[in-house]
Amino acid sequence: MIYTAQQLTNMQQFSIQECYKKLTGENEKVNWSKFVWNRLTLPKHRFICWLVMKERLNIALRLRNMGITDDPLCRLCGIEDETHLHLFFNCPFSLEVCKSISKWMQFELFGDSIDSSCRKVLTSRRSRFQKQSLLAVLGAAIYFIWLARNDAVWNSKIDIIRHNVHRIQKVCVIRYGALEIGAVPGIKYMHGELNGSLRRHNLTWKHIRKLIRNRYILNL
Ligand SMILES: [Zn+2]
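Residues numbered from 1 in each chain as written. Predicted model: local features only at pLDDT ≥ 70, side-chain atom pairs only at ≥ 80, totals over all residues. Heavy atoms only, no water.

What follows is about the packing of aromatic side chains. Under the defined criterion, the tally for this structure stands at two aromatic pairs. Here the aromatic rings of Phe 47 and Trp 50 are separated by 6.4 Å at their centres, their planes lie at 25 degrees, and the arrangement is stacked. Here the residue Phe 47 and the residue Trp 50 both occupy positions in helix H4 (residues 43-53), the gap between them amounting to three residues, near one helical turn. Taking relative accessible area as the criterion, Phe 47 reaches 49% and is therefore assigned partly exposed. Here Tyr 143 and Phe 144 contribute two aromatic rings whose centre-to-centre distance is 5.2 Å and whose plane-to-plane angle is 90 degrees, an arrangement assigned as edge-to-face. Note on accessibility: Tyr 143 and Phe 144 belong to one class, buried. (Phe/Tyr/Trp six-rings, centres within 6.5 Å; stacked < 30°, edge-to-face > 60°. Helix = DSSP H or I, 4+ residues; strand = E, 2+ residues; numbered from the N terminus. Buried < 20%, exposed > 50% of the residue type's maximum accessible area, 1.4 Å probe, protein only.)

Here you go:
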């Protein structure tokens, strides 16, 4: 029930917009759209984050419930059941990655879910641009935690935390660098391609680092 009979009786004006907000949950809608449509987040990162939000990734507990595996334990730590919340926000592996990334960003980026992490960013006293960069790093972190988990499943190896953190940093810096020199958002820029573009713009990595440090508050 959206409104009680009493609320409807006392209502001076019925608003469809208010009704919609009540149905969808206003905060959640805002957080999701800003996160999913953030131009700084790479499309493949957005896609994985969207699946995490919908709890649609094929994590161990889901596969166990579907009768595909007997083992519901987390593939990274082997301690707790692998749920979406555990894998990305409670697993010791992910917590270490998040800790290093938060230190790099000089911002406690991670909450206990995507929703609370988005809320932290969106309610912070940062500029719109800085909020976008924080959300892009959040998306990259989730994407690379998922890759690390799949590496454990398919290749039976777990790379060290530092390497995973480095990958997250690198992909964000390349993305930001690409945007700084006017590359079309959505294009996947690799390090070599970006080097070529920088040369064409008479820019060096030193320029880009300075720009990024100023605009994105990254600790480069
Ligand atoms: Zn775990």
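There is more to say, and it comes next.
The next subject is the environment of Leu 179. Checked against the element boundaries, Leu 179 lands in helix H10 (residues 161-180). For the pair Leu 179 and Arg 39, spaced 140 residues apart in the sequence, the C-alpha separation amounts to 9.6 Å.

The probe, sized like a water molecule, is rolled over the atoms to show the empty space still left. Tallying each qualifying case throughout the model produces two cavities of 30 Å³ or more. Of the pockets and cavities examined, the largest cavity occupies roughly 40 Å³. Together, Leu 40, Thr 41, Leu 42, His 45, Ala 136, Ala 140, Val 171, Cys 172 and Arg 175 line the largest cavity. Taken together, the elements giving at least two residues each to the lining of the largest cavity come down to helix H9 (128-155) and H10. Per-element accounting of the lining of the largest cavity gives the leading share, three residues, to H10. Here the lining of the largest cavity is built from residues that sort into six nonpolar, two polar and one charged. (1 Å grid on protein atoms, 1.4 Å probe; cavity = no way out; pocket = protein on both sides within 12 Å on 5 of 7 lines; lining within 4 Å. Points joined across faces, edges and corners; volume = space filled by probe spheres on them. Nonpolar A, V, L, I, M, F, W, Y, C, P; charged D, E, K, R; others polar.)

Right, let's talk about the coordination of the zinc ion for a bit. Around a metal, the perfect tetrahedron of four donors has angles of 109.5 degrees, and the perfect octahedron of six donors has angles of 90 or 180 degrees. For the zinc ion, the protein coordination sphere consists of Cys 74 (SG), Cys 77 (SG), His 86 (NE2) and Cys 91 (SG), at 2.1 to 2.4 Å. Its four donor atoms give the zinc ion angles of 103 to 117 degrees at the centre, a pattern that matches the tetrahedral case. (Donors = N, O, S within 2.8 Å, 3.2 Å for Na, K, Ca; no water. Tetrahedral: all angles 85-135°; square planar, octahedral: opposite > 155°, others 65-115°.)

Judged by nonpolar contacts, the single largest core of 49 residues is most densely connected at Phe 88, Ile 101, Leu 109, Ile 114, Val 137 and Ile 142. Counting residues per element, the ones that place at least two in this core are H4, helix H6 (84-90), helix H7 (92-105), helix H8 (114-122), H9 and H10. Among the elements that take part in this core, H9 stands out by supplying 14 residues, more than any other. If we ignore the near neighbours within four places in the chain, the residues touching Ile 142 are Ile 48, Cys 49, Val 52, Phe 88, Phe 89 and Ile 114. (Core = buried A, V, L, I, M, F, W, Y, C linked by side-chain atoms within 4.5 Å. Contact = heavy atoms within 4.5 Å.)

Among the residues of H8, Ile 114, Ser 117, Cys 118 and Val 121 are the ones counted as buried. Seen along its axis, H8 keeps its buried residues to an arc of 100 degrees; they face one direction. (Arc of directions from axis to C-beta.)

On to the packing of H7 against H9, then. For any two helices packed against each other, one specifies the crossing angle of their axes together with the interaxial distance. It is the contact of H7 with H9, at a shortest axis distance of 11 Å, that shows an interaxial angle of 155 degrees. Put simply, H7 runs roughly antiparallel to H9. Both H7 and H9 take part in a crossing whose hand is right-handed. Across the interface between the two elements, Phe 93, Ser 94, Ile 101, Trp 104 and Met 105 of H7 pack against Ser 133, Leu 134, Val 137, Ile 145 and Ala 148 of H9. (Axes fitted to C-alpha atoms, helices over the stretch in contact; angles between N-to-C directions. Parallel < 35°, antiparallel > 145°, perpendicular 65-115°, else oblique. Left-handed = near helix turned anticlockwise from the far one by under 90°.)

Let's shift gears to the packing of H4 against H9. Two elements in contact, H4 and H9, have axes whose closest approach is 9 Å; the angle formed by their N-to-C orientations is 75 degrees. The pairing of H4 with H9 is recorded here as roughly perpendicular in orientation. Residues Lys 44, His 45, Ile 48, Cys 49 and Val 52 of H4 form the contact with H9, whose own contacting residues are Gly 139, Ala 140, Ile 142, Tyr 143, Phe 144 and Trp 146. Broken down by class, the residue content of the contact of H4 with H9 amounts to eight nonpolar, two polar and one charged.

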